[in-house]
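# Examining the three-dimensional arrangement
One-letter residues, chain by chain:
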2 protein chains.
Amino acid sequence: MPDQHTYNISQLAQEFDITTRTIRHYEDIGLLAPDRKGQTRIYSSGDRTKLKLILRGKRLGFSLEQSRNIIEMYDPASGNKEQLQSLLQGIEQQRQHLKHQLEEINLLMTDLDEAERICREQLNGNQP
Amino acid sequence: MPDQHTYNISQLAQEFDITTRTIRHYEDIGLLAPDRKGQTRIYSSGDRTKLKLILRGKRLGFSLEQSRNIIEMYDPASGNKEQLQSLLQGIEQQRQHLKHQLEEINLLMTDLDEAERICREQLNGNQP
DNA sequence: AGATTAGTTTACGTTAACGTAAACTTCCCC
DNA sequence: GGGGAAGTTTACGTTAACGTAAACTAATCT
C-alpha cells in the first residue's frame, strides 16, 4: 500500500529548513523528479525521503554526486543480476566510508576531551 | 619536551595526499603559520597536527572556518577566565555536533541494511 | 657554468551548490 | 476584476576551496 501523501515545494522547504531554490536545484541535476500538475511540482513521500537522504548526506559532508549514489541504493529499482551485484558493492563501499567516519568522530571526540581537560586545568590553576 | 621534528611542505603534502597549493591555501587564510628559513616554510609537529585536524574536519564535512574553531581548541593557548569559559562552550557545541553526526550515520547504516536486504531478496527470487 | 629540482609569489581560472533578480502565469480573495 | 500570494522559468551572480600557469629564486648535480 503506497503512501498517497503529497507535498508542494514550500511545504518541503519549510520542513527541512531549506529554500525552494535548493529543492529545484536538486531537480535540475536529476536528484529529484516530482510529478507535475500543470507546471506545478507535486512531491510524493518517496521524493520526500530522497530529499531527506540528500540532506543527511550533506550533513555528513557528502557531495550531491555521492548522494546520487545513495539515492540509487534507496530506490526500489529494477535490476538485472549484474546491476544488483554492483549495487551490493556500492552499499558495502558506503558502509566502509561510514565506518571510517565513525573512527574519525571518535578521534575528534578524544581530542575534545583532551582540550577540555587542559582547559579545566588552566581554570583551576593546575590543581590535581 | 617539545617535539623538534620538522617537515617541509612537500613532505606534508605526500603524507596527507594533498597538494602544496592546498597547504599554502590554509596558510593564506590563517589556519597555519609555519616558521620560515629564508622564505622557505618549515613546519613543526604542531603544524602537522593542525593540518591533520583540518583534514579530519573536511572528511566530516566541516568547512575551513569550522576547522578554525577546532584548531583554536587544540591550541594550548593563553587564556583569561572568560576566554576559557567560551572555549569550554565551543567544545561542548562541537561534541553535540559530533553526537548528531553519529546519529545520522546510524540512520544511514540502517538504510544501507534495508537496501542490502531488498537487493538480496531480488537476487534470490524472493525466497524467505 | 649550465641545467635540474624544490621552493616561492602573484594572479587569474574553475567547480559545486546554491543566491538573487526579473518577468511571467494561476489561483484566490474581496 | 484588480491585486496579492505562491508557483514557474531563465539567467546572471556569488562563495568556498582550491587548480593552474607564469615568472622568479636558491640549492644541488654533472
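Up top is the structure these notes are about.
Everything in this summary refers to the structure shown in the same document. Everything numeric here is computed off the predicted structure, so don't read it as measured data. (Residues numbered from 1 in each chain as written. Chains lettered and ligands numbered in written order. Predicted model: local features only at pLDDT ≥ 70, side-chain atom pairs only at ≥ 80, totals over all residues. Heavy atoms only, no water.)

## Here's the deal with the nonpolar core
Counting residues in each nonpolar core, the largest one holds 33 residues, and the members touching the most others are A:Ile91, A:Leu98, A:Leu108, B:Ile91, B:Leu98 and B:Leu108. Counting residues per element, the ones that place at least two in this core are helix H4 (64–74) and helix H5 (81–124) of chain A together with helix H4 (64–74) and helix H5 (81–124) of chain B. Non-local contacts of B:Ile91, meaning those with residues more than four positions away in its chain, are made with A:Leu112, A:Ala115, A:Glu116 and B:Met73. (Core = buried A, V, L, I, M, F, W, Y, C linked by side-chain atoms within 4.5 Å. Buried < 20%, exposed > 50% of the residue type's maximum accessible area, 1.4 Å probe, protein only. Helix = DSSP H or I, 4+ residues; strand = E, 2+ residues; numbered from the N terminus. Contact = heavy atoms within 4.5 Å.)

## Some words on the sheet that holds strand S1 (residues 6–7) of chain A
Residue and element names in this part refer to chain A. If you walk across this open sheet you meet the three strands as S1-S3-S2, and the pairing is antiparallel. With one partner strand each, in any of the chains shown, S1 and strand S2 (35–37) form the two edges of the open sheet. Of the strand pairs in this sheet, S2 and strand S3 (residues 40–44) are connected by three bridges, and their pairing is antiparallel. Residue pairing in the sheet places Arg36 in a bridge with Arg41 of S3. (Pairing = 2+ DSSP bridges.)

## Regarding the protein's contact with DNA strand D
Surveying the vicinity of DNA strand D reveals 17 residues, the closest of which are A:Ser10, A:Arg24, A:Arg41, B:Thr19 and B:Tyr26. Counted by atom, the contact set of DNA strand D within 4 Å of the protein is 73% sugar and phosphate. Side-chain polar atom of A:Arg36 to a phosphate oxygen of DNA strand D: 3.1 Å apart, as the coordinates give it. Within the side chain of B:Tyr26, an N or O atom sits 2.6 Å from a phosphate oxygen of DNA strand D. The greatest single-element share of the surface near DNA strand D, amounting to four residues, is contributed by helix H2 (residues 20–28) of chain B. Partitioned by chemical class, the residues of the surface near DNA strand D number three nonpolar, eight polar and six charged. (Near = heavy atom within 4 Å. Polar contact = N/O pair within 3.5 Å; in protein donor to acceptor, adjacent residues only side chain to side chain. Nonpolar A, V, L, I, M, F, W, Y, C, P; charged D, E, K, R; others polar.)

## Focus on the side chain of B:Lys50
Tracing the chain through its elements places B:Lys50 in helix H3 (residues 45–59). For B:Lys50, the residues in contact, after removing those within four places along its chain, are B:Leu31, B:Leu32, B:Ile71, B:Tyr74 and B:Asp75.

## With respect to H4(B)
Considered for burial, the residues of H4(B) that qualify are B:Leu64, B:Ser67, B:Ile70, B:Ile71 and B:Met73. Here the buried residues of H4(B) occupy an arc of 155 degrees about the axis, which is enough to place them on one side. Those residues of H4(B) that are buried are in contact with H5 of chain A together with H2, H3 and H5 of chain B. (Arc of directions from axis to C-beta.)

## Description of the protein's contact with DNA strand C
Every one of the 17 residues lining DNA strand C counts as a neighbour, but A:Thr19, A:Tyr26, B:Ser10, B:Arg24 and B:Arg41 are closest to it. Expressed as a percentage, the sugar and phosphate content of the atoms of DNA strand C within 4 Å of the protein is 72%. Taking A:Arg21, its side chain carries an N or O atom lying 3.1 Å from a base oxygen of DNA strand C. Measuring from a phosphate oxygen of DNA strand C, one finds a side-chain N or O atom of B:Arg24 at 2.7 Å. Contributing elements (two or more residues each) for the surface near DNA strand C: helix H2 (20–28) of chain A together with helix H1 (9–16), H2 and strand S3 (40–44) of chain B.

## Details of unusual backbone geometry
Of note, the phi angle at A:Asp17 is positive, near 55 degrees, even though the residue is not glycine. By the element assignment, A:Asp17 lies in the loop between helix H1 (9–16) and H2.

In short, geometric facts, not functional conclusions.
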